[in-house]
Amino acid sequence: EAQVTQNPRYLITVTGKKLTVTCSQNMNHEYMSWYRQDPGLGLRQIYYSMNVEVTDKGDVPEGYKVSRKEKRNFPLILESPSPNQTSLYFCASSLGQSSYNEQFFGPGTRLTVL
Amino acid sequence: AQSVAQPEDQVNVAEGNPLTVKCTYSVSGNPYLFWYVQYPNRGLQFLLKYITGDNLVKGSYGFEAEFNKSQTSFHLKKPSALVSDSALYFCAVREFSGTYKYIFGTGTRLKVLA
């Protein structure tokens, strides 16, 4: 089944404790992206990747890191999480780099930082 | 800079009545426009997109959207609403060239009343 998977689905952590949220897709998609969803703010793009070893900032990259060492994986790293990073996070992928390709979304990761 | 506005936080409609969810956008070049739907505790699902050509775009589950360049709008419509259409709807825009960012609106919650 074609899908985007994220792990963990739920995470409660404390301020300053490094964490990684994994994202993997099995559709051989070139474009991958991370978003956070907050009430009243919709989805905001954190980082995106056009292909392996090619990443760029979205609109809210502060406090986050990403890497794209393999085509299928795009982990989101929070080196020192803070409470304002409590949010619902989505990973997404799309075929190719063309702007008209729709995205496929993972099920989401709900992160709480205490 | 790109932007998307969804002026209504919530839209209520009776089952069987037509529905409209509004979206306006601002881009410096030609836009690619998308609608996504989010059901409770799920990731976003693609509904439809406008790339070029016919201004009326048909998508999944009987939804359609009309691209209006002069009004910079891309409203989502359905002739006859179902209770199962109740969900959170997001409009998104991507520029034709230059940036590979996605910009999402803040979302509109659609409630279809039986």
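Refer to the structure above for everything that follows.
As the structure is a prediction and not an experimental result, all values here were calculated from the model.

Chemist: I'm lost on the overall build of chain B in this one. Help?
Modeler: Scanning chain B from terminus to terminus reveals 0 helices and 12 strands. Ordering the α and β elements of chain B from the N terminus gives β-β-β-β-β-β-β-β-β-β-β-β. The C-alpha atoms of chain B give 14 Å as radius of gyration, which agrees with the globular expectation for 114 residues (13 Å, within 12%). By its C-alpha atoms, chain B is 45 × 30 × 20 Å across when sized along the principal axes. Evaluated residue by residue, chain B yields a buried proportion of 47% over its 114 residues. Of all intrachain contacts in chain B linking residues separated by at least 6 positions in sequence, the fraction that spans at least 24 positions is 57%. Carbon and sulfur atoms form 49% of the exposed surface of chain B, whose accessible area is close to 5,400 Å². Computed over 11 positive and 8 negative side-chain charges, the separation of the two mean positions in chain B equals 6 Å.

Chemist: Please clarify how the interface of chain B and chain A should be interpreted in this entry.
Modeler: How big an interface is tends to be expressed through the accessible area that disappears when the partners come together. Residue-level contacts link 24 residues of chain B with 26 residues of chain A. The three residues of chain B that bury the most area against chain A are B:Y100, B:K101 and B:Y102, which together make up 29% of that side's buried surface. Run the count over chain B and chain A and you get 2 salt bridges. The set of elements that each furnish at least two residues to the side of chain B that touches chain A consists of strand 5 (31-38), strand 6 (44-50), strand 10 (87-95) and strand 11 (103-104) of chain B.

Chemist: Help me understand the side chain of A:S93 in this model?
Modeler: Take A:S93: it is sitting in strand 9 (residues 87-94). Not counting residues up to four positions away in its chain, the partners in contact with A:S93 are A:V4, A:Q25, A:M27, A:H29, A:Y31, A:M32, A:E102, A:Q103 and A:F104.

Chemist: Can you help me understand the pattern of salt bridges in this one?
Modeler: Side chains carrying opposite charge are able to pair once their charged atoms draw close together. If you walk through the whole model with that rule in mind, you get 9 salt bridges over all chains. Its salt-bridge partner being B:K101, residue A:D59 comes within 3.3 Å of it at the nearest N-O pair. You can see A:D59 sitting in the loop between strand 6 (54-57) and strand 7 (65-66) and its partner B:K101 sitting in the loop between strand 10 and strand 11, one on each of two chains. Overlapping salt bridges bring together A:K18, A:K65 and A:E79 as one network.

Chemist: Looking at this model, I keep getting lost on the pairing of strand 8 (residues 64-68) of chain B. Mind explaining?
Modeler: In summary, the side chains of a regular strand alternate between the two faces of the sheet. Residues and elements named next belong to chain B. Across 3 bridges, strand 7 (residues 56-58) lies against strand 8 in antiparallel orientation. Bridging across to strand 8, V57 finds its partner in A65. Connecting strand 7 to the antiparallel partner strand 8 that follows it, the hairpin turn spans 5 residues, and Y61 within it adopts a positive phi of roughly 60°. Pairing of strand 8 with strand 9 (residues 73-78), which is carried by 5 bridges, proceeds in the antiparallel orientation. Bridge pairing links N68 to S73 in strand 9. Linking strand 8 to strand 9, which pair antiparallel, is a turn of 4 residues; within it T72 sits at a positive phi near 45°.

Chemist: What exactly am I supposed to notice about the state of the cysteines here?
Modeler: Disulfides are covalent bonds that connect the sulfur atoms of two cysteines. On inspection of all chains with the given rule, the structure shows 2 disulfides over all chains. Paired through a disulfide, A:C23 and A:C91 show a sulfur-sulfur distance of 1.8 Å. When the S-S torsion is -70°, as for the bridge of A:C23 with A:C91, the disulfide is left-handed. Here A:C23, found in strand 3 (residues 19-25), pairs with A:C91, found in strand 9; they are 68 residues apart in sequence, far enough to count as distant. When sorted by exposure, A:C23 lands in the same class as A:C91, which is buried. The residue that forms a disulfide with B:C23 is B:C91, at a sulfur-sulfur distance of 2.0 Å. Residues B:C23 and B:C91 are joined by a disulfide whose S-S torsion is about -65°; by sign, that bridge is left-handed. With B:C23 in the loop between strand 3 (19-21) and strand 4 (24-26) and B:C91 in strand 10, the pair connects residues that are 68 residues apart, well separated along the chain. Just as B:C23 is buried, B:C91 falls in that class too.

Cut-offs applied
Residues numbered from 1 in each chain as written. Chains lettered and ligands numbered in written order. Predicted model: local features only at pLDDT ≥ 70, side-chain atom pairs only at ≥ 80, totals over all residues. Heavy atoms only, no water. Helix = DSSP H or I, 4+ residues; strand = E, 2+ residues; numbered from the N terminus. Rg over C-alpha atoms; globule rule 2.2 N^0.38 Å. Buried < 20%, exposed > 50% of the residue type's maximum accessible area, 1.4 Å probe, protein only. Contact = heavy atoms within 4.5 Å. Areas by Shrake-Rupley, 256 points an atom, 1.4 Å probe, with all protein chains shown as cover. Lys, Arg positive; Asp, Glu negative; His and termini not counted. Charge placed at Lys NZ, Arg CZ, Asp CG, Glu CD. Buried area = accessible area lost by both parts, 1.4 Å probe. Salt bridge = Lys/Arg side-chain N within 4 Å of Asp/Glu carboxyl O. Pairing = 2+ DSSP bridges. Disulfide = S-S within 2.5 Å.

Note that all results are geometric; they support no functional claim without further evidence.
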